[in-house]
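Spelled out, the chains give:
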Amino acid sequence: MSTTMTRPVPPVQEVSPGARLRAGLTRNPLLVLLVVMVAALQVSTGTALDWGNLRGVLLDAAVIAVVAVPGAVLVICGYIDLSVGSTLALGGVVAGKVMAGGQGNPVLAVVLAVAVGAFVGLVNGVLSTFFGLSSFIVTLGSLTAVRGAAQLVSPLPVNTFGDTFGFLGVGTVAGVPLAVWLALAALVVAGLVLTTTPVGRHVYAIGVNREAAFLSGVRVRQVPLVVFVLSGAAAAFAGVVTVARLNSAPAGQLGLGFELQVLTAVLLGGVALTGGEGGMFGVALGVLFLGMLRNGLTLLGVTTFWQSVASGVALVAAIAIAKGTHVVRQRLEARAARTSSGGSA
């Protein structure tokens, strides 16, 4: 008669509410800062939470979010796209030229603009992935080249696009701007892809260790190439929304500094510049934080010069927060591992 020896299972340690709160704040410190900032602005101005003001904040944030979604995925992959501001301008003027005078086809305007943006992303992606050039250098060059192309397409501003096209910029669905719904859909879809699909796991694997991912059978060139194309297409679409909202398409002014806004929102959201870390919830927080910061400074009467200073400080703070959060998370994980090994000994 044989007996089976079973190893006793260590009791499961209950996690206290305080520990859960600390873990949540460690993962999303920006959420606390956002709540504190909004509360302070509401107390200071009395209008920060008015729907009219929030609608404007959400509309501005939505344009950034549409581009920040593929931008964040690129950074997670270990790449970067600095050409999105110029691509926004190119997409906007292409759509504007089609719709000038309000006589064009809105569908054709959007399709052409997005196609042009996707082509810019394709060029950036091929040079960065298949030719192995630094994406920083490639897209920095594209930033200048694509801006010049936008000014060649439309040396003078075009305007008057018609109400149908204008709906993309100022139209609402259930009282919420259409652009906000589109940005929310992009965030949700990207979040699901990153967390529930093999493609999402491949994105993180490429960012963590490209060589190891390649040896595991991951398509380390094709995956980021597709994301580059999506980044260009998203930037061009953001340009369409912007010119539809402004009812004008000044090639020299559209999207100036937009790439830094996107990068700041992505880094504020906890996406590591070194790759392999981050998520869409954090990106959404980063976009909202940046939008509320700029809006709050405007409500407080701060000049645009100081707003630029604040945006630069936010970018540096974003990197510092990301670094600090990463260090704290590592320590907490190490402590949990020691506790677990001690309990199972």
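Overview of the structure. (Residues numbered from 1 in each chain as written. Predicted model: local features only at pLDDT ≥ 70, side-chain atom pairs only at ≥ 80, totals over all residues. Heavy atoms only, no water.)

### Remarks on the pattern of salt bridges
In step 1: Counted according to the given criterion, the structure contains one salt bridge.
In step 2: Asp-60 is the partner of Arg-245 in a salt bridge, and the nearest nitrogen-oxygen pair spans 2.5 Å. Within this pair, whereas Arg-245 is found in helix H11 (residues 222-246), its partner Asp-60 is found in helix H3 (residues 51-77), the two being separated by 185 residues in sequence. (Salt bridge = Lys/Arg side-chain N within 4 Å of Asp/Glu carboxyl O. Helix = DSSP H or I, 4+ residues; strand = E, 2+ residues; numbered from the N terminus.)

### A closer look at the packing of aromatic side chains
In step 1: Applying the stated criterion across every chain, the model contains two aromatic pairs.
In step 2: Ring centres of Tyr-79 and Phe-228 lie 5.7 Å apart, and the angle between their planes is 75 degrees; on these two criteria the pair is classed as edge-to-face. One end of the pair, Tyr-79, is in the loop between H3 and helix H4 (84-99); the other, Phe-228, is in helix H11, with 149 residues separating them in the sequence.
In step 3: Arranged with centres 5.7 Å apart and planes meeting at 80 degrees, the rings of Phe-161 and Phe-165 form a pair that is edge-to-face. (Phe/Tyr/Trp six-rings, centres within 6.5 Å; stacked < 30°, edge-to-face > 60°.)

### Considering the nonpolar core
In step 1: The biggest cluster of nonpolar side chains holds 71 residues, and the ones touching the most others in it are Phe-165, Phe-258, Val-262, Met-280, Val-283 and Val-287.
In step 2: Counting residues per element, this core draws most heavily on H3, which supplies 16 residues.
In step 3: Not counting the four nearest positions on each side in its chain, Met-280 is found in contact with Val-69, Ala-72, Val-73, Leu-187, Ala-190, Gly-191 and Leu-194.
In step 4: Residues Leu-30, Val-38, Leu-293 and Ala-314 belong to the second largest nonpolar core, which totals 15 residues. (Core = buried A, V, L, I, M, F, W, Y, C linked by side-chain atoms within 4.5 Å. Buried < 20%, exposed > 50% of the residue type's maximum accessible area, 1.4 Å probe, protein only. Contact = heavy atoms within 4.5 Å.)

### Observations concerning the side chain of Ser-135
In step 1: For Ser-135, the position within the fold is in helix H6 (residues 135-153).
In step 2: If we skip the residues at most four places from it in the chain, Ser-135 touches Tyr-79, Ile-80, Ser-128 and Phe-228.

### Notes on helix H7 (residues 163-170)
In step 1: Where H7 is concerned, the buried positions are Phe-165, Gly-166, Leu-168 and Gly-169. End-on, the buried residues of H7 take up no more than an arc of 140 degrees, which puts them together on one face. Away from its buried face by more than 90 degrees, H7 exposes Asp-163 and Thr-164.
In step 2: For H7, the elements touching its buried residues are H3, H4, helix H5 (106-130), helix H8 (178-196) and H11. (Arc of directions from axis to C-beta.)

### What to know about the packing of H3 against H11
In step 1: Packing of H3 against H11 brings their axes to within 7 Å, and their N-to-C directions diverge by 165 degrees. As the angle between them shows, H3 and H11 are arranged roughly antiparallel. Helix-helix and strand crossings are classified by hand; for H3 and H11 the assignment is left-handed. Along the contact surface, H3 presents Gly-56, Leu-59, Asp-60, Val-63, Val-66, Val-67, Pro-70, Val-73 and Leu-74, while H11 presents Pro-224, Val-227, Phe-228, Leu-230, Ser-231, Ala-234, Ala-235, Phe-237, Ala-238, Val-241, Thr-242 and Arg-245.
In step 2: The residue inventory of the contact of H3 with H11, partitioned by class, reads 16 nonpolar, three polar and two charged. (Axes fitted to C-alpha atoms, helices over the stretch in contact; angles between N-to-C directions. Parallel < 35°, antiparallel > 145°, perpendicular 65-115°, else oblique. Left-handed = near helix turned anticlockwise from the far one by under 90°. Nonpolar A, V, L, I, M, F, W, Y, C, P; charged D, E, K, R; others polar.)

### Quick notes on unusual backbone geometry
In step 1: With a phi close to 60 degrees, Thr-160 is a non-glycine residue in the positive phi region.
In step 2: For Thr-160, the location among the structural elements is in the loop between strand S1 (158-159) and H7.
In step 3: Residue class for Thr-160 comes out partly exposed when judged on its relative accessible area of 43%.
In step 4: Even without glycine at this site, Asn-247 takes up a positive phi of about 60 degrees.
In step 5: Structurally, Asn-247 can be placed in the loop between H11 and strand S4 (248-249).

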